[in-house]
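Descriptive analysis of the structure
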Amino acid sequence: MDIYNFIIQLAAGFISTLAFSFLFNAPKKSVLVCSVIGAAGWLAYYYVKLISGIIIASFSGAIIIGVLASSASKKLRMPATIFIYTGIIPLVPGYGMYHTMRSLVTKSYHLAAKIGIDTILQAGAIAVGILIASMFSSSIRRVKIQRKR
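A few points on the structure. No experiment lies behind these values; they were computed from the predicted model shown.

How each quantity is defined
Residues numbered from 1 in each chain as written. Predicted model: local features only at pLDDT ≥ 70, side-chain atom pairs only at ≥ 80, totals over all residues. Heavy atoms only, no water. Helix = DSSP H or I, 4+ residues; strand = E, 2+ residues; numbered from the N terminus. Expected span 1.5 Å × (residues − 1). Buried < 20%, exposed > 50% of the residue type's maximum accessible area, 1.4 Å probe, protein only. Core = buried A, V, L, I, M, F, W, Y, C linked by side-chain atoms within 4.5 Å. Contact = heavy atoms within 4.5 Å. Patch = residues over 30% accessible without salt bridge, like charges linked within 9 Å, V, L, I, M, F, W, Y side chains within 5 Å. Areas by Shrake-Rupley, 256 points an atom, 1.4 Å probe, with all protein chains shown as cover. Salt bridge = Lys/Arg side-chain N within 4 Å of Asp/Glu carboxyl O. Axes fitted to C-alpha atoms, helices over the stretch in contact; angles between N-to-C directions. Parallel < 35°, antiparallel > 145°, perpendicular 65-115°, else oblique. Left-handed = near helix turned anticlockwise from the far one by under 90°. Nonpolar A, V, L, I, M, F, W, Y, C, P; charged D, E, K, R; others polar. 1 Å grid on protein atoms, 1.4 Å probe; cavity = no way out; pocket = protein on both sides within 12 Å on 5 of 7 lines; lining within 4 Å. Points joined across faces, edges and corners; volume = space filled by probe spheres on them.

**Quick look at helix H3 (residues 54-76)**
- Given a rise of 1.5 Å per residue, 23 residues ought to cover 33 Å, and the 32 Å separating the end C-alpha atoms of H3 matches this to within 8%.
- Within H3 the residues assigned to the buried category are Ala57, Ser58, Gly61, Ala62, Ile65, Gly66, Ala69, Ser70, Ala72 and Ser73.
- Where H3 ends, the next residue or the one after it, Arg77, has phi of about 55 degrees, a positive value.

See below:
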C-alpha cells in the first residue's frame, strides 16, 4: 500500500464529503464526523475495488458508511440520515450516469445499455449496503435492550 496514494484518497473522500455537508446544511457539530464517515466509506470502496469489482466495492463502502452513521447518530443524538446522506456522496455513480446519458445522446445504444446497467447495479449495491447496515445496527440495539431487562 502506497502511503501517498492512501493520503490522496483519504483527502478526496474527506473534502468531497465536507463540501456536501455544507451544501446540505448539516448541523455544524456533525460536519467533521460526516466528513470522517465519508472518507472511511471512500477508502473502503477504493481498496475493495482494487481486489474486486465495482459493485462489491460500492456495497462494502455503503456498509461501512451505514454502520459508522448509526454509531455516530447514537453518540451525537442526531438522525443517522444526516451522516448517511453526506457520507454516501463519494460513492454515488455520477460518472456512470454521465457516460450513460452521453452514450444515449451519441446514439451508442449498446454502450449506453452496458454502462447504464452497471450504474444501476452500483446504485442498488449502495442502497442494499445501507439497508443491511441499518438492519444490523437496529438488531444490535434490540439485543442490548433485551439484555438490560
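**Examining the environment of Ile126**
- Within the secondary structure, Ile126 sits in helix H6 (residues 109-148).
- Spatially, the C-alpha atoms of Ile126 and Ala72 are 19 Å apart, while their sequence positions differ by 54 residues.

**Describing the nonpolar core**
- Counting 20 residues, the largest nonpolar core has Ile65, Phe83, Ile88, Leu91 and Ile130 as its most contacted members.
- Broken down by secondary-structure element, the contributors of at least two residues to this core are helix H2 (31-51), H3, helix H4 (80-87) and H6.
- No other element matches the six residues that H2 contributes to this core.
- Other than its neighbours up to four places away in sequence, Phe83 contacts Ser30, Val33, Cys34, Ile37, Ile65, Ala69, Ala72, Ser73, Leu76 and Met78.

**Considering a nonpolar patch on the surface**
- Taken together, the side chains of Ile3, Tyr4, Ile7 and Ile8 define a hydrophobic patch exposed on the protein surface, amounting to about 440 Å² of accessible area.
- Mapping Ile3 onto the fold places it in helix H1 (residues 3-23).
- On the basis of relative accessibility, which here comes to 57%, the residue Ile3 falls in the exposed class.

**Things to note about the packing of H2 against H4**
- Closest axis-to-axis distance for the H2/H4 pair is 8 Å, and the angle between their directions is 50 degrees. Relative to H4, the element H2 is oriented oblique. Regarding H2 and H4, the two cross each other, and that crossing is right-handed. Touching Val33, Cys34, Ile37 and Gly38 of H2 are Ile82, Phe83, Thr86 and Gly87, all from H4.
- Its residues placed into classes, the contact of H2 with H4 shows five nonpolar, three polar and no charged.

**Focus: the layout of surface pockets**
- When its volume is computed, the largest pocket comes out at roughly 220 Å³.
- Forming the boundary of the largest pocket are 14 residues, of which Ile54, Pro93, Tyr95, Gly96 and Gln122 lie nearest the centre.
- Among the elements of the structure, H2, helix H5 (94-105) and H6 are those that each provide at least two residues to the lining of the largest pocket.
- Here the lining of the largest pocket takes four residues from H6, the largest share from any one element.
- Its residues assigned to classes, the lining of the largest pocket comprises nine nonpolar, four polar and one charged.

**Observations concerning the pattern of salt bridges**
- The tally for this structure, following the rule as stated, stands at one salt bridge.
- Asp118 is the partner of Lys114 in a salt bridge, and the nearest nitrogen-oxygen pair spans 3.5 Å. Of this pair, Lys114 and Asp118 both sit in helix H6, four residues apart, which is roughly one turn of the helix.
- Residue Asp118 is classed as partly exposed on the basis of its relative accessible area of 34%.

By themselves these figures say nothing about function.
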